[in-house]
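Spelled out, the chains give:
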2 protein chains.
Amino acid sequence: MGIKERKEKHKEDLRQRILDAAKELFLKDGYDATSIRKIAEKIEFSPTTIYLYYKDKTDIMYALHQEGFKLLGTQFLVLQHVHEPFERLKAMGRVYMSFALSNPDFYELMFIMKEPIEFVKNHCHDEEWEEGEQAFTALINTVEHCKAAGYFVQFDTTTFALNIWSLMHGLCGLKLQGHLDHMASTKISLPDNVNLMEQTFDGFISMLEKLK
Amino acid sequence: MGIKERKEKHKEDLRQRILDAAKELFLKDGYDATSIRKIAEKIEFSPTTIYLYYKDKTDIMYALHQEGFKLLGTQFLVLQHVHEPFERLKAMGRVYMSFALSNPDFYELMFIMKEPIEFVKNHCHDEEWEEGEQAFTALINTVEHCKAAGYFVQFDTTTFALNIWSLMHGLCGLKLQGHLDHMASTKISLPDNVNLMEQTFDGFISMLEKLK
DNA sequence: AAATATAGTTAACAGTGTTAATATTAAAAA
DNA sequence: TTTTTAATATTAACACTGTTAACTATATTT
């Protein structure tokens, strides 16, 4: 059935074109400004056609959310070349921070907004979360390796990993939301032109070093 | 001019009634579902009347955001009675967590959403942020007292405080967004019925204890 | 060639924030 | 007291939003 296959391919193509248009709009104007009608206009189809390929807007956003995790995954690949576990942990933090700063909209969609994860809960009953879990598993493994190298030996691995993730996530969240810059501008005790995010991260690293 | 005063009072009254109605809707249905028209219906005025008392929707939400900080401030009051600095720091963390869990919508408005802080940037040029800064100052002071008691002596106070805030904020964010519960349900290595948030926080405390 | 399934469309519903023009009301001036 | 003026509130409208039902055109199968 060659014809059927070609049709399937065409259908999958259009599904991808919708996603690409959505991505472009999303990265340019953010979540709210990415309307179904604008996506439709970009791919030169009727707005309702999109509903033949995606259940609703959160479905599209969940697909983008997955793309975001794939992107983060590729950024994490360089970490494979950092063999010393604690060095790898530090590098992981920097990659995470850099990802959040370079892709703020993706970061929001992946870790801050409630819509995509609610879509998972409502429609993806067969639990195929993968991408996100992989990143956390990578963290768990690195913490485990750190423990083998004498770091954090007295702490539970999962708990410690969650602490690290919480701190990194909180730091990125405060930065993206503007709270960090606000503090930098109001707290006169701070020297000017200081990168509060870097400074906080460096402080965190020195805390971790003391926990060897 | 008794009449003028009465009019001013009436005007201030209506402004408050708008805010109360907005608050009720906001706490019941969240940000998006709190529409100008619904607020208007609740106070039995025309939707456009609201624009005579508030610039726009973000103005109303900023007012609620301030109320949230006042509420957090009152929750922090109990901390005055905890004299031992490290105990006070721990209690502060618990109060912060409890506030986030008990008032998730307020927490989102205060620390996660971008709208209110952008309203500050755009319209409140005279920097009257107060409520939020007070809470952070309280944290700074407690960290300073901890240092005087022999804790964290080798760390910069502001950097350390930002680390603590980042971790607490990240933990609350991951919890409210659903990521923490998701991890608890997928990571089978974890025992069932475990409170990941409490466990992570306890782990953090034991980390801090090691930094004495 | 007729019946059927697929793909895409138009029109509409029920909302949203927001603004301009208008009406109503109350205070101030004549 | 009547007229003018200022403040307050309203109606109507604009330009959007996500989403669905009903309809049409196309292509495949019987």
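Residues numbered from 1 in each chain as written. Chains lettered and ligands numbered in written order. Predicted model: local features only at pLDDT ≥ 70, side-chain atom pairs only at ≥ 80, totals over all residues. Heavy atoms only, no water.

1. Things to note about the protein's contact with DNA strand D
Logical step 1: Taken together, 20 residues lie near DNA strand D, and R37 and T48 of chain A together with S46, T49 and Y53 of chain B sit nearest.
Logical step 2: Looking at DNA strand D alone, sugar and phosphate atoms form 49% of those within 4 Å of the protein.
Logical step 3: The contact in question runs from a phosphate oxygen of DNA strand D to an N or O atom on the side chain of Y51 of chain A, over 3.0 Å.
Logical step 4: Residue T48 of chain B places a side-chain N or O atom 3.2 Å away from a base oxygen belonging to DNA strand D.
Logical step 5: Looking at the surface near DNA strand D, the elements that each hand over two or more residues are helix 2 (36-43) of chain A together with helix 1 (2-29) of chain B.
Logical step 6: Each residue belonging to the surface near DNA strand D can be placed in one class, and the counts come to seven nonpolar, six polar and seven charged. (Near = heavy atom within 4 Å. Polar contact = N/O pair within 3.5 Å; in protein donor to acceptor, adjacent residues only side chain to side chain. Helix = DSSP H or I, 4+ residues; strand = E, 2+ residues; numbered from the N terminus. Nonpolar A, V, L, I, M, F, W, Y, C, P; charged D, E, K, R; others polar.)

2. Focus on the protein's contact with DNA strand C
Logical step 1: In the vicinity of DNA strand C lie 20 residues, with S46, T49 and Y53 of chain A together with R37 and T48 of chain B positioned nearest.
Logical step 2: Considering DNA strand C, the proportion of its atoms within 4 Å of the protein that are sugar or phosphate atoms stands at 47%.
Logical step 3: Contacts to DNA strand C include R37 of chain B, whose side-chain N or O atom sits 2.7 Å from a base nitrogen.
Logical step 4: Mapped onto the surface near DNA strand C, the elements with two or more residues apiece are helix 1 (2-29) of chain A together with helix 2 (36-43) of chain B.
Logical step 5: Split into classes, the residues belonging to the surface near DNA strand C amount to seven nonpolar, six polar and seven charged.

3. Description of the pattern of salt bridges
Oppositely charged side chains can pair when the atoms bearing their charge come close.
Logical step 1: Tallied over the full model, the rule gives 20 salt bridges over all chains.
Logical step 2: Here K23 of chain A makes a salt bridge to E67 of chain A, at a shortest N to O gap of 3.0 Å. Taken as a pair, K23 of chain A in helix 1 and E67 of chain A in helix 3 (residues 57-77) lie far apart in primary sequence, 44 residues in all.
Logical step 3: Judged by relative accessible area, K23 of chain A falls into the partly exposed class, the value being 27%.
Logical step 4: Notably, a salt bridge pairs K28 of chain B with D29 of chain B, separated by 3.2 Å at the nearest N-O pair. (Salt bridge = Lys/Arg side-chain N within 4 Å of Asp/Glu carboxyl O. Buried < 20%, exposed > 50% of the residue type's maximum accessible area, 1.4 Å probe, protein only.)

4. Here we look at the nonpolar core
Logical step 1: The biggest cluster of nonpolar side chains holds 145 residues, and the ones touching the most others in it are F152 of chain A together with F152 of chain B.
Logical step 2: Residues in contact with F152 of chain B, not counting those within four places in the same chain, are F86, L89, V143, C146, K147, F160, L208, L211 and K212 of chain B. (Core = buried A, V, L, I, M, F, W, Y, C linked by side-chain atoms within 4.5 Å. Contact = heavy atoms within 4.5 Å.)

5. Remarks on the layout of surface pockets
Logical step 1: By volume, the largest pocket is sized at about 1100 Å³.
Logical step 2: Lining the largest pocket we find 38 residues, and of these E108 and M113 of chain A together with E108, M113 and E115 of chain B sit closest to its centre.
Logical step 3: Taken together, the residues that form the lining of the largest pocket break down as 15 nonpolar, nine polar and 14 charged.
Logical step 4: Empty space within the second largest pocket amounts to approximately 420 Å³. (1 Å grid on protein atoms, 1.4 Å probe; cavity = no way out; pocket = protein on both sides within 12 Å on 5 of 7 lines; lining within 4 Å. Points joined across faces, edges and corners; volume = space filled by probe spheres on them.)

6. Considering the UniProt feature "DNA-binding region" (unreviewed entry) in chain A
Logical step 1: As annotated by UniProt and renumbered to match this structure, "DNA-binding region" (unreviewed entry) occupies residues 35-54 of chain A.
Logical step 2: Here residues 35-54 of chain A runs as 40% helix and 0% strand, with 13 Å between its end C-alpha atoms. (UniProt positions renumbered as here; feature names shortened; annotations may be inferred.)

7. Points about the relation of the copies chain B and chain A
Logical step 1: Here chain B sits on chain A after a turn of 180° about the axis and a move of 0.0 Å along it, with an RMSD of 0.0 Å. The operation mapping one copy onto its partner corresponds to a two-fold rotation axis.
Logical step 2: When the interface residues of chain B are mapped onto chain A, 98% of them again fall at the interface, so both copies present the same face. (Least-squares fit on C-alpha atoms with pLDDT ≥ 70 in both.)

8. What about the packing of helix 3 (residues 57-77) of chain B against helix 7 (residues 131-148) of chain B?
All names here are of chain B.
Logical step 1: Contact geometry for helix 3 and helix 7: axes closest at 8 Å, N-to-C directions at 30°. The orientation of helix 3 with respect to helix 7, classified from their angle, is roughly parallel. Crossing angle aside, the handedness with which helix 3 passes helix 7 is left-handed. Across from Q66, F69, K70 and F76 in helix 3, the residues of helix 7 making contact are E131, G132 and A135. (Axes fitted to C-alpha atoms, helices over the stretch in contact; angles between N-to-C directions. Parallel < 35°, antiparallel > 145°, perpendicular 65-115°, else oblique. Left-handed = near helix turned anticlockwise from the far one by under 90°.)

9. Focus: the packing of aromatic side chains
All names here are of chain A.
Logical step 1: All chains considered together, the criterion is met by 26 aromatic pairs over all chains.
Logical step 2: Three or more aromatic residues joined by ring pairs form one cluster here, namely F69, Y96, Y107, F111, F136 and W165.
Logical step 3: K57 extends its terminal NZ or CZ atom over the ring of Y31, reaching a point 4.6 Å from the ring centre. (Phe/Tyr/Trp six-rings, centres within 6.5 Å; stacked < 30°, edge-to-face > 60°. Lys NZ or Arg CZ within 6 Å of the ring centre and 35° of its normal.)

10. So, the interface of chain B and chain A
Logical step 1: Contact residues are listed per partner, giving 48 residues for chain B and 47 residues for chain A.
Logical step 2: Of the roughly 4400 Å² buried between chain B and chain A, counting both surfaces, carbon and sulfur atoms make up 67%.
Logical step 3: In terms of surface lost to chain A, no three residues of chain B exceed N163, Q177 and M207 of chain B, which account for 14% of the buried area on that side.
Logical step 4: One salt bridge connects K114 of chain A with E108 of chain B, and the closest N-O pair in it is separated by 2.4 Å.
Logical step 5: Breaking the side of chain B that touches chain A down by element, the ones donating at least two residues are helix 5 (104-112), helix 7, helix 8 (157-177), helix 9 (179-186) and helix 10 (196-210) of chain B.
Logical step 6: Per-element tally for the side of chain B that touches chain A: the top contributor is helix 8 of chain B, with 15 residues.
Logical step 7: Of the residues belonging to the side of chain B that touches chain A, the class tally is 23 nonpolar, 18 polar and seven charged. (Buried area = accessible area lost by both parts, 1.4 Å probe.)

11. Focus on the packing of helix 7 (residues 131-148) of chain A against helix 8 (residues 157-177) of chain A
All names here are of chain A.
Logical step 1: The geometry of helix 7 relative to helix 8 is characterised by a closest axis approach of 9 Å and an angle of 120° between their N-to-C directions. As judged from the angle between their axes, helix 7 and helix 8 are oblique. Along this stretch, helix 7 crosses helix 8, giving a crossing that reads as right-handed. Contacts between helix 7 and helix 8 involve F136, L139, I140, V143, E144 and K147 from the first element and T157, T158, F160, A161, L162, I164 and W165 from the second.
Logical step 2: Taken together, the residues of the contact of helix 7 with helix 8 break down into nine nonpolar, two polar and two charged.

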